[in-house]
Number of protein chains: 2
Amino acid sequence: MNIVEQIDKINMQLTVKGYKLTPQREITLKVLLENERDHLSAEEVYMLVKQEFPEIGLATVYRTLELLAELQIVQKMNFGDGVARFDLRMEGHDHMHHHLICKVCGALEEIQDDWLLDLEQRVATEYGFQVTDHRLDFTGVYHTCKNNSKQCKRTGKAVS
Amino acid sequence: MNIVEQIDKINMQLTVKGYKLTPQREITLKVLLENERDHLSAEEVYMLVKQEFPEIGLATVYRTLELLAELQIVQKMNFGDGVARFDLRMEGHDHMHHHLICKVCGALEEIQDDWLLDLEQRVATEYGFQVTDHRLDFTGVYHTCKNNSKQCKRTGKAVS
DNA sequence: TTTCGTGCAAAGGTTTTGCACCGCA
DNA sequence: TGCGGTGCAAAACCTTTGCACGAAA
């Protein structure tokens, strides 16, 4: 599914709920889809949207992101750096992505396996708790970073 | 290990790093240890410390919590309610606690099983990533909350 | 016209910082 | 004296909100 199709699909979700796909919302969505792997902050989204739509205000970006979170199109997350970051939840990614956070190079990789179905079953039986969503983050170090190579394997970023 | 012993142990960790256990820090630690299960925010810690040490300033609490996080005695966490919360990491709890967050009653339960050793092994082999810590939160609903009982099973809190 | 969405500026809430002061080596 | 630690207030920071305006049904 390409970006245009995804935006169409989201447009339908908006319409059903009585919301409109304004140019501001469309460009914000485009930015999110084009940077799906990057976990952008509101400020970063704002900067990118501004390149195509300079008149947009930061408040609109916040309102759009809030709207998308309400529709479960994005998920608001916090990785401890003081800003909220937004994770797309398209195409069955629903509650199935985990994160690897490298302490050396700062990379934040998303991995797609769903490893937790057994655990969710155990939580249900042992704790009387029905899971609807989960969050799993691993902090650690890429072997390539640890081995003192000059670049992070994933991002290509220079490593301090 | 009782609270006095735990504070002694932490005092040693502080001393090794050149920090002192001031009365403010000691009372802050006591509050954290006495409310280990509660994931207090800085403001909540401040209120509780103030009861025993009214002259303390909020900034000191923030600085103490930051210091304890640096020493890995507490972990700063964010559950999406706009404030940082602090999780004690004493007595081998290290990277072994997970959370159940009930959407109905708001309870935040800590569970102690360490279910992720296998997954950490997989991450190491499949992604070339050595895990040093992890975070696993389950969002969902307690069966007792779902069944419309008037109280949450865990907290006893009234359920809307 | 009515409603929804927007931009701007102001407000709100949390956390950090600057600075003078204090106690202890 | 020197230095780490503190309290207070101000600042910084991210995010939300109030309000008037504008576009579309």
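The rules we used
- Residues numbered from 1 in each chain as written.
- Chains lettered and ligands numbered in written order.
- Predicted model: local features only at pLDDT ≥ 70, side-chain atom pairs only at ≥ 80, totals over all residues.
- Heavy atoms only, no water.
- Domains from an automatic or database assignment.
- Buried area = accessible area lost by both parts, 1.4 Å probe.
- Salt bridge = Lys/Arg side-chain N within 4 Å of Asp/Glu carboxyl O.
- Helix = DSSP H or I, 4+ residues; strand = E, 2+ residues; numbered from the N terminus.
- Nonpolar A, V, L, I, M, F, W, Y, C, P; charged D, E, K, R; others polar.
- UniProt positions renumbered as here; feature names shortened; annotations may be inferred.
- Polar contact = N/O pair within 3.5 Å; in protein donor to acceptor, adjacent residues only side chain to side chain.
- Contact = heavy atoms within 4.5 Å.
- Pairing = 2+ DSSP bridges.
- Buried < 20%, exposed > 50% of the residue type's maximum accessible area, 1.4 Å probe, protein only.
- Near = heavy atom within 4 Å.
- Least-squares fit on C-alpha atoms with pLDDT ≥ 70 in both.

(A) Local environment of the domain arrangement of chain A. Residue and element names in this part refer to chain A. According to the domain assignment, chain A consists of domain 1 (3-88) and domain 2 (98-146). Taking only C-alpha atoms, the centre of domain 1 and the centre of domain 2 are 24 Å apart. At the boundary of domain 1 with domain 2, total buried surface from both sides reaches about 650 Å², with 48% on carbon and sulfur atoms. Inspection of the region where domain 1 meets domain 2 yields zero salt bridges. With three residues, strand β1 (residues 74-78) is the single largest residue contributor to the side of domain 1 that touches domain 2. For the side of domain 1 that touches domain 2, the residue count by class is two nonpolar, three polar and two charged.

(B) Focus on the UniProt feature "binding site: Fe cation" (unreviewed entry) in chain A. Residues and elements named next belong to chain A. In the numbering used here, UniProt assigns the feature "binding site: Fe cation" (unreviewed entry) to His-134. Within the secondary structure, His-134 sits in strand β5 (residues 129-142). Among the polar contacts made by the side chain of His-134, one reaches the side chain of Glu-120 at a distance of 2.5 Å.

(C) View of the interface of chain B and chain A. Contacts between the two partners involve 34 residues from chain B and, on the opposite side, 34 residues from chain A. Here chain B packs against chain A, burying approximately 3,100 Å² in sum over the two surfaces, 59% of which is carbon and sulfur. At the boundary of chain B and chain A, one finds zero salt bridges. For the side of chain B that touches chain A, the secondary-structure elements that each account for two or more residues are β3 (98-102), β4 (108-111), α5 (117-127), β5 (129-142) and α6 (143-146) of chain B. Residue contributions to the side of chain B that touches chain A peak at 14 residues, all from β5(B). Considering only residue class, the side of chain B that touches chain A consists of 16 nonpolar, eight polar and ten charged. Where β5(A) lies against β5(B), 13 bridges are found, and the strand directions are antiparallel. In the strand pairing of β5(B), Thr139(A) is matched with Asp133(B).

(D) A look at unusual backbone geometry. Residues and elements named next belong to chain B. The backbone of His-39 shows a phi angle near 50°, a positive value even though the residue is not glycine. Residue position: His-39 is located in the loop between α2 (23-34) and α3 (42-52). Exposure remark for His-39: the relative accessible area of 2% places this residue in the buried category. Positive phi values are uncommon outside glycine, yet Gln-72 reaches one of about 65°. In this fold, Gln-72 is placed in the loop between α4 (58-70) and β1 (74-78).

(E) Representation of the protein's contact with DNA strand C in the model. Close to DNA strand C lie 20 residues, the nearest being Thr22(A), Thr60(A), Arg63(A), Tyr62(B) and Ala84(B). Those atoms of DNA strand C that come within 4 Å of the protein belong to sugar or phosphate at a rate of 76%. Between DNA strand C and the protein, one listed contact pairs a phosphate oxygen with a side-chain N or O atom of Tyr62(B) at 2.4 Å. Listing elements by their share of the surface near DNA strand C, those giving two or more residues are α2 (23-34) and α4 (58-70) of chain A together with α4 of chain B. Tallying contributions element by element places α4(B) first for the surface near DNA strand C, with four residues. In terms of residue class, the surface near DNA strand C is built from nine nonpolar, five polar and six charged.

(F) Region of the structure containing the protein's contact with DNA strand D. As a structural note, the neighbourhood of DNA strand D is formed by 20 residues, with Tyr62(A), Ala84(A), Thr22(B), Gln24(B) and Thr60(B) the closest of them. For DNA strand D, the backbone makes up 74% of the atoms found within 4 Å of the protein, where backbone means sugar plus phosphate. Separating a phosphate oxygen of DNA strand D from a backbone N or O atom of Lys20(B) is a distance of 3.1 Å. Elements with a contribution of two residues or more to the surface near DNA strand D: α4 of chain A together with α2 and α4 of chain B. With four residues, the top contributor of residues to the surface near DNA strand D is α4(A). For the surface near DNA strand D, a count of residues per class yields nine nonpolar, five polar and six charged.

(G) Focus on the relation of the copies chain B and chain A. Turning chain B through 179° and shifting it by 0.0 Å along the axis lays it on chain A, with an RMSD of 0.2 Å. Accordingly, the operation relating the two chain copies is best matched by a two-fold axis. When each C-alpha of chain B is compared by its distance to the rotation axis, Leu136(B) comes out closest, at 2.3 Å. Of the residues that chain B buries at the interface, 100% are likewise interface residues in chain A, meaning the two copies contact each other through the same surface.

(H) Fine view of the pattern of salt bridges. Applying the stated criterion to the full structure yields 14 salt bridges over all chains. Taking the shortest distance from any N to any O, the salt bridge between Lys30(A) and Glu34(A) comes out at 3.7 Å. Of this pair, Lys30(A) and Glu34(A) are both found in helix α2, four residues apart, which corresponds to roughly one turn of the helix. By relative accessible area, Lys30(A) is classed as partly exposed at 26%. With relative accessibility at 45%, the residue Glu34(A) sits in the partly exposed group. A salt bridge links Lys30(B) to Glu52(B); the nearest nitrogen and oxygen atoms lie 2.7 Å apart.

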